Protein chains: 2
Amino acid sequence: MRYALSLVGLLVPCSATWLLPQARNFIYIVPDGYGQASQTIARDYVSLLQNGENADAPVSIKLAADEMVIGTVQTLSSDNFITDSAASATAFGCGVKTYNDAIAVDDDGQPVGSILEAAHMEGFKTGLVVTSTINHATPACYAAHVKDRDSYEKIAEHEIGYSHPLGPQVDLLLGGGRCYFKPQSDSTSCRSDDVDLFGFAKKKGFRVMQDRKAFDELKKGTAKAANLPYIGLFNDGQMMYEIDRLRKPEQEPSLLEMVETALNSLDRATKWTRKGYFLMIEASRIDHAGHANDAAAHLFDTIMYNDVMKFVREWIDKHPDTIMMSAADHETGGLTLNGFDPLPLKEVSMSIEEVERLWEDFNGTDRRAYLADTILPGYGLSGLNESEIDTILSNDDLESDLTSRLSSKAGINWSTGGHTASDVTLHGYGSGWRGGNLKADMAGNWDNTELPVYIEGVLKVKMSKVTEKLRAQGTDWVGKRSEGGSNHIHGH
Amino acid sequence: MRYALSLVGLLVPCSATWLLPQARNFIYIVPDGYGQASQTIARDYVSLLQNGENADAPVSIKLAADEMVIGTVQTLSSDNFITDSAASATAFGCGVKTYNDAIAVDDDGQPVGSILEAAHMEGFKTGLVVTSTINHATPACYAAHVKDRDSYEKIAEHEIGYSHPLGPQVDLLLGGGRCYFKPQSDSTSCRSDDVDLFGFAKKKGFRVMQDRKAFDELKKGTAKAANLPYIGLFNDGQMMYEIDRLRKPEQEPSLLEMVETALNSLDRATKWTRKGYFLMIEASRIDHAGHANDAAAHLFDTIMYNDVMKFVREWIDKHPDTIMMSAADHETGGLTLNGFDPLPLKEVSMSIEEVERLWEDFNGTDRRAYLADTILPGYGLSGLNESEIDTILSNDDLESDLTSRLSSKAGINWSTGGHTASDVTLHGYGSGWRGGNLKADMAGNWDNTELPVYIEGVLKVKMSKVTEKLRAQGTDWVGKRSEGGSNHIHGH
């Protein structure tokens, strides 16, 4: 092997690969449930919009995530070739293989420290920005430790530091799941006790935001206490799918807006500190759309993921002391493109979740007309004939009927309402990336447990130090393992 | 971004990325129809064999291909989001997007030079080693130019140089497709004319091998004329699936044996020459097993691909003036692992192709006993009850019935008997890889047309020079485009 000069006369100083990358800040991005086919759908759809809609002449383009592909990640859990989000997030959040359902505990139910907690311990600022409930499996594994992912109340308590043995670990939380932070006396609470986590957060100095208006004040910098720490939860449950949010942007911020605001806050808060920050971002609902086999909702959340990847790349170009890695926790839906034509997805303006909400809320008299004039056009299924409409009306399962019709129209196939075992794509970026060293460091096939070990090296922090402190507290606080075992790989 | 010393005191000279890699030899490996799930099946299966068969405790390992993952490749053709092998091989063989069915001709049916022909033009030795018929779409695009991939006779003529306007381009051809090289007077011929391509090859100085015995003489170096050029075709049609060949190794060499022999020949032939070699290797039948939705045949050919990747990596470590790249042309079968358990695949000892051959050839009296005692155990379906056996017997389509049962047993799903639109995984290796430069060069998401442009840079050759010479010959010789259009993305 020889390396020949492709430019004349220049010799620049450079680094060998035994020079490990180091950075002040690390951004880890999880497109939950995003498989290889998800990106192909998004790319070919955007290509059609950009290059005209002649489906006979597809044009190869590159979206933001494409520009940062560097490898693949293995996802199996300790008890199944198919992982759930909990076991996978424990793997890439804490570096430990564990059973499906486990939130940052190992096979024996012992707590394991996360990379976020390790960063916090060394003085880094930390953040979680998601579109699911903030106490959903992926963010949970960064700041909570429970034996069963369905212990949502306990996870919320840990995340805000109320019952986390080491106190608050996260300086910035943005997402959904508001109901878990309100005492049961509140009519919108989903807690079974009187614990008031928003109240606790305020006492601990957190700014608490519960709606878009409060977020906008923070975003514009007009809020009085825009500094960390803060928590902003904008929906009692999951945040809206992007395809639905686009029609009602006044209700909730987008993932991109939250990421921008979070990075600005973290940047300001660490401007003069010795340590930087660790931020985990999750495009959570790509997964939910996969479980629902909802093609257009999956597409729009995947495009939003690419928008976030583009923003973060540009952010890193302006803030070069930052490294980004991104990989899904697993693939959801068994999505394949067996007769693919993205064009029909352009007619869709709502998720199947929204369709179901509308259908349930409808209290008019002419259900058939409502289906034909509102629901079907909204879901990209205009032009069905009378007999097809009758079939849908007589069908018990509107969700499954409509999602099948749309997928079939777009030539895509879902093999499951659950997860699959395939590897997922790894992306990475940092200012050493263009020069080659960082890219070469990151390139390859990784087991998901290897990823946080890499981050440990970059930030010079140690998850084992956290594990030691956590275990000094016994294990009563991690709750009980449910007897049923995980059904999360098979569906919601 | 800072780079910190991870080892003390050492400073070695190194290269920046604007130093482009250069090498004497290039090996390009195509695992036809291999998707991301194919590798997961193979890896988890091998892991089970290595780590015991307790499916409750899967263990993450890395196969040879995993160790060389560096990115992904986009595959769409000029007329469909789903490519066929012809358009894709024209893309990664010649750098040009074209229509499905096109063999190294562009959208207008004009010939385009391949990277193999460009290497030949500059004095490199060249080779094609495949397990399909040698005139199948993938190898065809490297040394033939026809408007329709089904022009098998003409492709064979081009490949051996009989009617290629620039004469023989390939110094070494190994694979199947023997019948296309024999005149129709031969009872085993599949030609419709009297052209004797083996006779032509001999006149041009090729050693001609038509069976394993002749191959073994070459392999052991006992053959008198072991030097290039040579052609070895070991089956009138496709070579055997690896799962079948394992039972009858005396009939045909494995892909690994052919690769080893080819590399030894190319290495010897270029020991003292100014230029090295370009070799294209195809694990062709991963694709065929995908079309047939035949899980175990797909698995065994994928394991063989990994064995070849391991051999080539070790070869490059010993012959550092060589670079390897490997990517599939497309995914086949829409394979997803929606309830995955590889264990049942261990009981399978034959492909569905072999099952069908046996079933057709059976001339005994008790068809039911033959099914129950020979066919079903051979295909990993022992233990079916009487009523299930009755169902199979009464079913018209044995292939589809048995492949569905096996796939379902192993928790895997096929969404099509054709191709899909997803990206495929890119692998690469060369001696600069460990040092980081080569790895960084190769890492990323590529359009398939970009790949041969990279090889042009490495070998310092120009496909456009070949295109120019080919077009000087007019276009009568490239044949006609079939009217039906491609059905190759939908099935055989």
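Residues numbered from 1 in each chain as written. Chains lettered and ligands numbered in written order. Predicted model: local features only at pLDDT ≥ 70, side-chain atom pairs only at ≥ 80, totals over all residues. Heavy atoms only, no water.

Here we look at the nonpolar core
Nonpolar side chains tend to gather and get buried jointly when the protein is soluble and globular.
Inference 1: Counting residues in each nonpolar core, the largest one holds 216 residues, and the members touching the most others are Y28 and F278 of chain A together with Y28 and F278 of chain B.
Inference 2: The contact partners of F278 of chain B, leaving out residues within four places of it in the chain, are F26, Y28, I115, L116, A119, K125, T126, G127, Y142, I455 and L459 of chain B. (Core = buried A, V, L, I, M, F, W, Y, C linked by side-chain atoms within 4.5 Å. Buried < 20%, exposed > 50% of the residue type's maximum accessible area, 1.4 Å probe, protein only. Contact = heavy atoms within 4.5 Å.)

What about the UniProt feature "binding site: Mg(2+)" (unreviewed entry) in chain A?
Residues and elements named next belong to chain A.
Inference 1: Using the residue numbers shown here, the UniProt feature "binding site: Mg(2+)" (unreviewed entry) corresponds to D32, H136, T138 and E282. Separation in sequence by 251 residues is not matched in space for these annotated residues, since their most distant C-alpha atoms are only 11.3 Å apart. Of the residues named above, H136 line the largest pocket.
Inference 2: Along the polypeptide, D32 turns up in the loop between β3 (25-31) and α1 (36-51).
Inference 3: The exposure class assigned to D32 is buried, which follows from its relative accessible area of 2%.
Inference 4: Apart from the residues lying within four places of it in its own chain, the contact partners of D32 are S85, T138, E282, A283, S284, I286, D287, D329 and H330.
Inference 5: Here T138 is to be found in helix α4 (residues 137-143).
Inference 6: The buried category is assigned to T138, whose relative accessible area is 1%.
Inference 7: Look past the residues within four positions of T138 in its chain and what remains in contact with it is V30, D32, S85, A89, F92, M280, E282 and D329. (UniProt positions renumbered as here; feature names shortened; annotations may be inferred. 1 Å grid on protein atoms, 1.4 Å probe; cavity = no way out; pocket = protein on both sides within 12 Å on 5 of 7 lines; lining within 4 Å. Helix = DSSP H or I, 4+ residues; strand = E, 2+ residues; numbered from the N terminus.)

A closer look at the packing of aromatic side chains
Inference 1: Across all of its chains, the model carries 27 aromatic pairs over all chains by this definition.
Inference 2: Both rings, one in W359 of chain B and one in Y370 of chain B, keep their centres 6.4 Å apart while their planes meet at 10°; by these two values the pair is stacked. Linking W359 of chain B in helix α12 (residues 352-361) with Y370 of chain B in helix α13 (residues 367-378), this pair joins segments that are 11 residues apart in sequence. Comparing W359 of chain B with Y370 of chain B shows no difference in burial state: the two are buried.
Inference 3: Site record: aromatic cluster; members linked through ring pairs are Y28, F92, Y142 and F278 of chain A.
Inference 4: Sitting above the plane of the W359 of chain A ring, R367 of chain A keeps its charged end 4.3 Å from the centroid. (Phe/Tyr/Trp six-rings, centres within 6.5 Å; stacked < 30°, edge-to-face > 60°. Lys NZ or Arg CZ within 6 Å of the ring centre and 35° of its normal.)

Quick notes on the sheet that holds strand β8 (residues 230-233) of chain B
Residues and elements named next belong to chain B.
Inference 1: The mixed open sheet is built from 10 strands, whose spatial order is β7-β8-β6-β5-β9-β3-β10-β15-β4-β16. The open sheet has two edge strands with one neighbour each: β7 (207-209) and β16 (444-447). The average angle at which neighbouring strand axes cross in this sheet is 15°, direction not considered.
Inference 2: As judged from the six bridges shared by strand β5 (residues 125-133) and strand β9 (residues 277-283), these two strands associate in the parallel manner. Across the sheet, the residue bridging to T126 is F278, located in β9.
Inference 3: Contacts between helix α7 (residues 212-220) and the sheet are confined to β6 (172-176), β7 and β8, with β7 contributing the most and set at about 130° to the helix. (Pairing = 2+ DSSP bridges. Axes fitted to C-alpha atoms, helices over the stretch in contact; angles between N-to-C directions.)

Section: the domain arrangement of chain A
All names here are of chain A.
Inference 1: Each assigned domain of chain A is listed here: domain 1 (25-340 + 414-474) and domain 2 (347-409).
Inference 2: Inter-centroid distance (C-alpha atoms) of domain 1 to domain 2 is 32 Å.
Inference 3: Counting residues at the interface gives 13 residues for domain 1, matched by 13 residues for domain 2.
Inference 4: The interface formed by domain 1 and domain 2 includes eight residue pairs in polar contact (both at pLDDT 80 or more).
Inference 5: Those elements giving two or more residues to the side of domain 1 that touches domain 2 turn out to be α8 (242-245) and α11 (295-318).
Inference 6: Of the residues forming the side of domain 1 that touches domain 2, the biggest block, three residues, is contributed by α11.
Inference 7: Its residues assigned to classes, the side of domain 1 that touches domain 2 shows seven nonpolar, one polar and five charged. (Domains from an automatic or database assignment. Polar contact = N/O pair within 3.5 Å; in protein donor to acceptor, adjacent residues only side chain to side chain. Nonpolar A, V, L, I, M, F, W, Y, C, P; charged D, E, K, R; others polar.)

Some details on the UniProt feature "active site" (unreviewed entry) in chain A
All names here are of chain A.
Inference 1: Cross-referencing UniProt, the feature "active site" (unreviewed entry) maps to S85 in the present numbering.
Inference 2: In this structure, S85 sits in helix α2 (residues 85-94).
Inference 3: Within the local environment of S85, its side chain forms a polar contact with the side chain of D32, the two groups lying 3.4 Å apart.

Details of unusual backbone geometry
Inference 1: For the peptide bond that leads from L228 of chain A to P229 of chain A, omega is -5°, which places it in the cis range.
Inference 2: Here the phi dihedral of A104 of chain A falls at roughly 55°; this positive angle occurs in a residue that is not glycine.
Inference 3: For A104 of chain A, the position within the fold is in the loop between α2 and α3 (115-121).
Inference 4: In this structure, K460 of chain B takes a positive phi of about 55° despite not being glycine.
Inference 5: Relative to the assigned elements, K460 of chain B resides in the loop between α17 (450-459) and α18 (463-471).

Some thoughts on a negative patch on the surface
Inference 1: Taken together, E356, E360, D396 and D397 of chain A make up a surface patch of like negative charges.
Inference 2: Looking at the element boundaries, D397 of chain A is found in the loop between α14 (386-394) and α15 (398-409). (Patch = residues over 30% accessible without salt bridge, like charges linked within 9 Å, V, L, I, M, F, W, Y side chains within 5 Å. Areas by Shrake-Rupley, 256 points an atom, 1.4 Å probe, with all protein chains shown as cover. Salt bridge = Lys/Arg side-chain N within 4 Å of Asp/Glu carboxyl O. Lys, Arg positive; Asp, Glu negative; His and termini not counted. Charge placed at Lys NZ, Arg CZ, Asp CG, Glu CD.)

So, the state of the cysteines
Residues and elements named next belong to chain A.
Inference 1: This structure, assessed with the given rule, holds two disulfides over all chains.
Inference 2: The disulfide that involves C179 links it to C190, with 1.7 Å between the sulfurs. In this structure, the disulfide formed by C179 and C190 twists by about 70° around the S-S bond and is classed as right-handed. Residue C179 is located in the loop between β6 (172-176) and α6 (197-203), and its partner C190 is located in the loop between β6 and α6; the two are separated by 11 residues in the primary sequence. (Disulfide = S-S within 2.5 Å.)

So, the confidence of the model for chain A
Residue and element names in this part refer to chain A.
Inference 1: Mean pLDDT for chain A: 93, with 93% of residues reaching 70 or above.
Inference 2: This stretch, residues 1-18, has a pLDDT under 50; its non-local contacts, to residues over four places away or in other chains, come to 57 contacts.
Inference 3: Of the two predicted TM-score estimates for the complex, the pTM is 0.95 and the ipTM is 0.93. (pLDDT = per-residue confidence, 0-100.)

Thoughts on the packing of α12 of chain B against α13 of chain B
All names here are of chain B.
Inference 1: Interaxial distance between α12 and α13 falls to 11 Å at its minimum, and their mutual angle equals 150°. Accordingly, the angle class assigned to the pair α12 and α13 is roughly antiparallel. Of the two elements, α12 crosses α13, and the hand of that crossing is right-handed. Facing α12, whose interface residues are V355, L358 and W359, α13 presents R367, Y370, L371 and I375.
Inference 2: Partitioning the contact of α12 with α13 into residue classes produces six nonpolar, no polar and one charged. (Parallel < 35°, antiparallel > 145°, perpendicular 65-115°, else oblique. Left-handed = near helix turned anticlockwise from the far one by under 90°.)

Considerations on α12 of chain B
All names here are of chain B.
Inference 1: Taken together, the buried positions of α12 are I352, E354, V355, L358 and W359. Angularly, the buried residues of α12 cover 155° about the axis, an arc narrow enough to put them on a single face.
Inference 2: As for α12, its buried residues are in contact with α8 (242-245), α13, α14 (386-394) and α15 (398-409). (Arc of directions from axis to C-beta.)

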